[in-house]
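Now for the letters of each chain:
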Amino acid sequence: MNRFSKLFIGGCLIGASFFVACQQESNSETQAAEAATKDQAPQPKKELEMNEPSELALLMRSMYDRNLALKKQIMEGDIPESFPEDFLTIHTAKANEKLNETFDALAKEYIKNMEAITKAENREEGIKAYNNMVGTCASCHTIYCQGPLPKIRKMRIQEGES
Ligand code: HEC
């Protein structure tokens, strides 16, 4: 392996360690990694230019982490009394993409579904409300920013999962 392809693979790994961005970049990354292991001349890579994550992207990453913690909590039968207030900034956080009324409507729905979790009376209702909430993440992400969809789908609590 020559020095260039080592550098190149290094670059890919740095790229991969970043959170899934909006574009599905995993395919081209895999292809690039394959090309690199075969010692083919690498193509110039767009992925290596890293944009600053937007306010909204940072909020999303943090919602992802905290909602996974919430999943665990709900599966233990512990229904939260409230949800983190900064989730409300989904309406005002600056995004890289251009957003419109559809985004606002779905963002409202998402917040409503977060609230619904706090009103659940027991574990079963909590699980249902949690899955509805994940459903709104997914609805919005089928329209905007499809990259994280597979990760979002995995957030759901499956039947029989405990
Ligand atoms: C109302 C629409 C909407 C909802 C609801 C929503 N998202 Fe997003 N999400 C977006 C948009 C738009 C972006 C892209 C932000 C940008 O372009 O700056 C994004 C970006 C992301 C990213 C990528 C951040 C990055 O690193 O670039 C992740 C991960 C994510 N969302 C996860 C989630 C999860 C998990 C939920 C639910 C808990 C959720 N989203 C709910 C619209 C939404």
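Keep in mind that what you see is a predicted model, and the values were worked out from it rather than measured.

A. Representation of the overall build of the protein within the structure. Counting its secondary structure elements, the protein contains six helices and zero strands. For the protein, the N- to C-terminal ordering of α and β elements is α-α-α-α-α-α. Pairs at least 24 apart in sequence give 70% of the contacts found in the protein among residues at least 6 apart. Carbon and sulfur atoms provide 52% of the accessible area of the protein, an area that totals close to 10700 Å².

B. Spotlight on the pattern of salt bridges. Under the criterion given, the structure shown has two salt bridges. A salt bridge links Arg-66 to Asp-86, with the shortest nitrogen-to-oxygen separation between them at 2.7 Å. On the criterion of sequence distance, the pair formed by Arg-66 in helix α3 (residues 55-75) and Asp-86 in the loop between α3 and α4 (101-118) is long-range, its members being 20 residues apart. Among the residues examined, Asp-86 registers a relative accessible area of 32% and is labelled partly exposed. Between Glu-161 and Lys-71 there is a salt bridge; the shortest N-O distance is 3.3 Å. Of this pair, Glu-161 sits in the segment after α6 (149-153) while Lys-71 sits in helix α3, and the two are 90 residues apart along the sequence. When its relative accessible area of 30% is taken as the criterion, Glu-161 is described as partly exposed.

C. Highlighting the coordination of the iron atom of the ligand. Protein ligation of the iron atom of the ligand involves Met-60 (SD) and His-141 (NE2), the donor distances falling in the range 2.0 to 2.2 Å. Around the iron atom of the ligand, the six donor atoms are arranged such that angles at the metal cover 83 to 179°; this shape is classified as octahedral. Here Met-60 is found in helix α3, whereas its partner His-141 is found in helix α5 (residues 123-143), with 81 residues between them in sequence. Given the relative accessible area of 23%, Met-60 is considered partly exposed.

Conventions used here
Residues numbered from 1 in each chain as written. Predicted model: local features only at pLDDT ≥ 70, side-chain atom pairs only at ≥ 80, totals over all residues. Heavy atoms only, no water. Helix = DSSP H or I, 4+ residues; strand = E, 2+ residues; numbered from the N terminus. Contact = heavy atoms within 4.5 Å. Areas by Shrake-Rupley, 256 points an atom, 1.4 Å probe, with all protein chains shown as cover. Salt bridge = Lys/Arg side-chain N within 4 Å of Asp/Glu carboxyl O. Buried < 20%, exposed > 50% of the residue type's maximum accessible area, 1.4 Å probe, protein only. Donors = N, O, S within 2.8 Å, 3.2 Å for Na, K, Ca; no water. Tetrahedral: all angles 85-135°; square planar, octahedral: opposite > 155°, others 65-115°.

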